[in-house]
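# Structural features, examined
Residues per chain are reported as follows:
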Amino acid sequence: MVGAAVLALTAGAAQAGGIDRSGQSIAPIFEDGNYVEFSFGHVKPKVSGEQVNNLFGPGPVVVVPGLGQSSGNMTGSYNLPGFAFKTDINEKLSAAIILDSPYGADVDYSYVDPLAPYAYTGSNATIDSRGITAVLKYDISDRFSVHAGARNVTTNGNVTLFNGYQMETTNESDWGYLIGAAYEIPDIALRAALTYNSAITHNFTTTENGVFDSPMETVIPQSVNFDFQTGIAEGTLLMASVRWVEWTAFDISPTAYVASPTNLDNSPLLSYDNDTFTYSLGIGRQLTDKLSGSVTLGYEKSTGGFSSNLGPTDGYTSISLGLKYQVTDGTAISGGIRFAKLGDAETQNPSVLGQTFGDFDDNTATAIGLKISHSF
């Protein structure tokens, strides 16, 4: 039967809600016997918009949509390396270690429109993270199991805005936990797994404009993953997942930025008005004794309202294609490609509350991934 995780390596490739990238999968804990995997994903978003109003409201410069002041592609490509190791401690108890890059952002308004520069030109921001998860699974019976573990996330970030504002954070490493349960019927490849991931709180020290140091608390939000698979015919697997993340609990609020007189509503540097639900539905099919493939559809609903100038997308739809080749009885190579249509978004004028500043539409993201796995 084709593996349910053929495309797990591109799970975060479609600009998922907030700054989500990996989706916090714990799929390796459900592999049989001893197991190790190495994975690598490369994501190339294309996000551009057009300035539709003047930065400081009505004035002598007339912005004509379609005739200039394009942002150009303001997102950078990024990589998603990963590693997992799973082993059986005894007949009932298993353990796994999973390494990933759970959250991130790459913003770069470096394009200069030849007709008129986009007002945010010169702005850039990055968020980098590394995650390590240790999880135990205990089989209560042949069908029921429970799992729990600890997760450490290390995060840092920096930003430079067009108006000269700069901020960088310390590198902070903090802990959270996960807990869940699963129901399985191995004879028909059925598995339903529910996992809760706790929030993780970072207490950064930020340096603003090179001189002002202050504390800043940021909450990496809690989330819930539901993963389901079942055989529906000989050699055919149905796969589905739902992920909820409480992005309304997340914000980046440096002290001097929030208190600045030019920040009219004392808003955070980055925040989200809605939590997100991300869905996927796929079919896996055994093609030959050694080759299997999958097709997966992904969806995240657009929430409306203004999006951040540092993240001007709103939801997505995607399609993923994957192949898995069983090199030997224990070793397999999986590859996949994912294409996403990113939801249209409008950003707010930072100088005129309630006024649209940038109009971002017809944007996409493409991801490729490769995974080598070995069971022993």
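For the structure, check the block above.
Here goes a summary of the coordinates provided.

Counted by the stated rule, this structure contains 17 aromatic pairs. Put simply, the rings of Tyr-109, Tyr-118, Tyr-120, Phe-162, Phe-357 and Phe-360 touch in pairs and so form one group of aromatic residues. For Arg-21, the ring lying beneath its charged end belongs to Tyr-78, and the centroid distance is 3.4 Å.

A few words on the nonpolar core. The tendency in soluble globular proteins is for nonpolar side chains to be buried as a group. Ranked by internal contacts, the top residues of the largest apolar core, which has 36 residues, are Ile-19, Tyr-109, Val-159, Leu-161, Phe-250, Ile-252 and Leu-269. Listed by contribution, the elements that provide at least two residues to this core are β5 (105-108), β6 (124-139), β7 (144-160), β11 (200-208), β12 (212-220), β21 (331-342) and β23 (356-360). Residues within four places of Ile-19 in sequence aside, it is in contact with Pro-102, Tyr-103, Gly-104, Ala-105, Ile-127, Trp-247, Phe-250, Leu-270 and Tyr-272. Core analysis: the next-biggest nonpolar cluster, separate from the first, contains 10 residues, Ala-84, Ala-96, Val-135 and Ala-193 among them.

Within the secondary structure, Val-146 sits in strand β7. Exposure remark for Val-146: the relative accessible area of 35% places this residue in the partly exposed category. Val-146 sits 37 residues away from Tyr-183 along the chain, and the two C-alpha atoms are 9.0 Å apart. In contact with Val-146, other than residues within four places in its own chain, are Leu-136, Lys-137, Tyr-138, Ile-140, Gly-180 and Ala-181.

So, on to the pattern of salt bridges. Using the criterion set out here, one finds 7 salt bridges in the structure. Here Lys-86 and Asp-88 are joined by a salt bridge, their closest N and O atoms 2.7 Å apart. By relative accessible area, which is 36% here, Asp-88 ends up partly exposed. In this structure, the salt-bridge partner of Arg-191 is Glu-184, at a minimum N-O distance of 3.9 Å. Residue Arg-191 shares its accessibility class with Glu-184, and that shared class is buried.

Turning next to the side chain of Ser-22. Mapped onto the elements of the fold, Ser-22 is located in the segment before β1 (35-46). Given a relative accessible area of 17%, Ser-22 falls into the buried group. A polar side-chain atom of Ser-22 sits 2.9 Å from a polar atom in the side chain of Asp-100.

Phi is positive for Asn-209, which is not a glycine, with a value near 55 degrees. Its identity is not glycine, yet Asp-362 carries a phi of approximately 55 degrees, on the positive side. With respect to the helices, strands and loops of the structure, Asp-362 is situated in the loop between β23 and β24 (363-375). Looking at Asp-362, the relative accessible area reads 61%, which means it is exposed.

By secondary structure assignment, the location of Ser-94 is in strand β4 (residues 93-100). A polar contact is formed between the side chain of Ser-94 and the side chain of Asp-88, at a distance of 2.8 Å. With residues up to four places along the chain from it excluded, the contact list for Ser-94 reads Ile-29, Lys-86, Thr-87, Asp-88, Ile-89, Val-135, Leu-136 and Lys-137.

Right, let's get into the sheet that holds β23. If you trace the 4 strands from one edge of the open sheet to the other, you get β2-β23-β22-β19, paired in mixed fashion. Where the open sheet ends on each side, the last strands, each with one partner, are β2 (49-51) and β19 (306-307). Of the strand pairs in this sheet, β19 and strand β22 (residues 345-348) are connected by 2 bridges, and their pairing is parallel. In the strand pairing of β22, Ser-307 is matched with Thr-347.

Our focus in this paragraph is the pairing of β1. Of the strand pairs in this sheet, β1 and strand β3 (residues 78-88) are connected by 9 bridges, and their pairing is antiparallel. Looking at the pairing, Gly-41 lines up with Leu-80 of β3. Here 12 bridges tie β1 to β24, and the two strands are oriented antiparallel to one another. Looking at β24, one finds that Pro-45 is bridged to Ala-365.

Thresholds applied
- Residues numbered from 1 in each chain as written.
- Predicted model: local features only at pLDDT ≥ 70, side-chain atom pairs only at ≥ 80, totals over all residues.
- Heavy atoms only, no water.
- Phe/Tyr/Trp six-rings, centres within 6.5 Å; stacked < 30°, edge-to-face > 60°.
- Lys NZ or Arg CZ within 6 Å of the ring centre and 35° of its normal.
- Core = buried A, V, L, I, M, F, W, Y, C linked by side-chain atoms within 4.5 Å.
- Buried < 20%, exposed > 50% of the residue type's maximum accessible area, 1.4 Å probe, protein only.
- Helix = DSSP H or I, 4+ residues; strand = E, 2+ residues; numbered from the N terminus.
- Contact = heavy atoms within 4.5 Å.
- Salt bridge = Lys/Arg side-chain N within 4 Å of Asp/Glu carboxyl O.
- Polar contact = N/O pair within 3.5 Å; in protein donor to acceptor, adjacent residues only side chain to side chain.
- Pairing = 2+ DSSP bridges.

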